[in-house]
Amino acid sequence: AKVRPEEVTTYELGLKSRWLDERLTLNLALFHTEVRDFQANVVDSSPGALRGYLANIDKVRVKGAELDGAFNVSPRWRLHFAAAWTDAEYARYPNSPCPLEALQSATSVCDLSGRPLPATPRWAGSGASEYFRPVHLAGLGGEAYARLEVSARSQVYGEPTDSRFGIIEGYGLVNVVVGLRQQGPWDLSFWVRNLFADDYMQNITVQAGNSGLVVGTPSDPRTYGMTLRLRL
């Protein structure tokens, strides 16, 4: 098999700005990308087949917008945020392997033209808020801090054929960190990840060979711990 080289055309328009005496930073980017002969790993799950190979997808299109920024609310309180809207699709893919639910004894290929690209959420966002203040402990100067982190993403297809059995539902996560640090030598923090113990799938794969086997990796549970960093 011969795999052709990719041909990528990208247009991007952006704006970087500072407001409120440079306390607020806002960056905006609009983009449009087309990839001809997109190279991808393809798994053929049709009846009697069990093979994976590198192949070309005729055309892939990705367009969207990204916004990110930071805001110094006060000398001790900072905010960071980012958001993205992405429209990604197989612009032309007439000879794709079929999703599991479309496989039949006479099925060989399916047309996924116009279908969403896998693992690409339509909406995604994140934000963080950190507050810190000087403290004195046992005669040592330092800084106490607290940080809240949030992130969210919309539904995606977890595997390349856009099978309905491979849908990963949207989810959101919240992490919290509190700590004490001294400028230079050490930083002690206590943290909780996935504070609200949300259940979600990290990935889902429909196995080859038309066996009907669908496997995935579940989310990490609520996790908490302590971290000590030393700089010598």
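Whatever comes next refers back to the structure up there.
Our subject in this report is the structure included herewith. In this text the structure is predicted, and so the values were computed from the model without any measurement.

A tally of regular secondary structure across the protein gives zero helices and 13 strands. Of the regular secondary structure in the protein, the N- to C-terminal order runs β-β-β-β-β-β-β-β-β-β-β-β-β. The C-alpha atoms of the protein give a radius of gyration of 23 Å, which is well past the 17 Å a tight globule of 232 residues would have. Taken along the three principal axes of its C-alpha coordinates, the protein extends 80 × 40 × 30 Å. For the protein, the proportion of its 232 residues judged to be buried stands at 31%. A sequence separation of at least 24 residues applies to 59% of the contacts in the protein between residues at least 6 apart. Total accessible area on the protein is roughly 14500 Å²; 56% of this is exposed by carbon and sulfur atoms.

A few words on the state of the cysteines. Within the structure shown, the criterion is met by one disulfide. Note on cysteine connectivity: C98 is disulfide-linked to C110, with sulfurs 2.0 Å apart. The disulfide joining C98 to C110 has a torsion of about 100 degrees about its S-S bond and is therefore right-handed. Taken together, the residues span a long stretch of sequence, with C98 in the loop between β4 (77–92) and β5 (123–137) and C110 in the loop between β4 and β5 at a distance of twelve residues. Relative accessible area serves as the criterion here: at 5%, C98 is assigned to the buried category.

This structure, assessed with the given rule, holds two aromatic pairs. Judged by centre distance (4.9 Å) and plane angle (50 degrees), the ring pair of Y90 and Y93 falls under tilted. The pair formed by Y90 and Y93 is uniform in burial state, with each residue classed as buried. For the ring pair Y171 and Y200, a centre distance of 4.0 Å and an interplane angle of 15 degrees mean the geometry is stacked. Of the two residues, Y171 is situated in strand β9 (residues 171–182) and Y200 in the loop between β10 (186–193) and β11 (201–206); the sequence distance between them amounts to 29 residues. Look at Y171 and you get buried, because its relative accessible area is 18%. Here Y200 falls in the buried class, since its relative accessible area comes to 14%. Its guanidinium or amino end placed over the ring of Y145, R181 lies 4.2 Å from that ring's centre, counting from NZ or CZ.

The rules behind the values
- Residues numbered from 1 in each chain as written.
- Predicted model: local features only at pLDDT ≥ 70, side-chain atom pairs only at ≥ 80, totals over all residues.
- Heavy atoms only, no water.
- Helix = DSSP H or I, 4+ residues; strand = E, 2+ residues; numbered from the N terminus.
- Rg over C-alpha atoms; globule rule 2.2 N^0.38 Å.
- Buried < 20%, exposed > 50% of the residue type's maximum accessible area, 1.4 Å probe, protein only.
- Contact = heavy atoms within 4.5 Å.
- Areas by Shrake-Rupley, 256 points an atom, 1.4 Å probe, with all protein chains shown as cover.
- Disulfide = S-S within 2.5 Å.
- Phe/Tyr/Trp six-rings, centres within 6.5 Å; stacked < 30°, edge-to-face > 60°.
- Lys NZ or Arg CZ within 6 Å of the ring centre and 35° of its normal.

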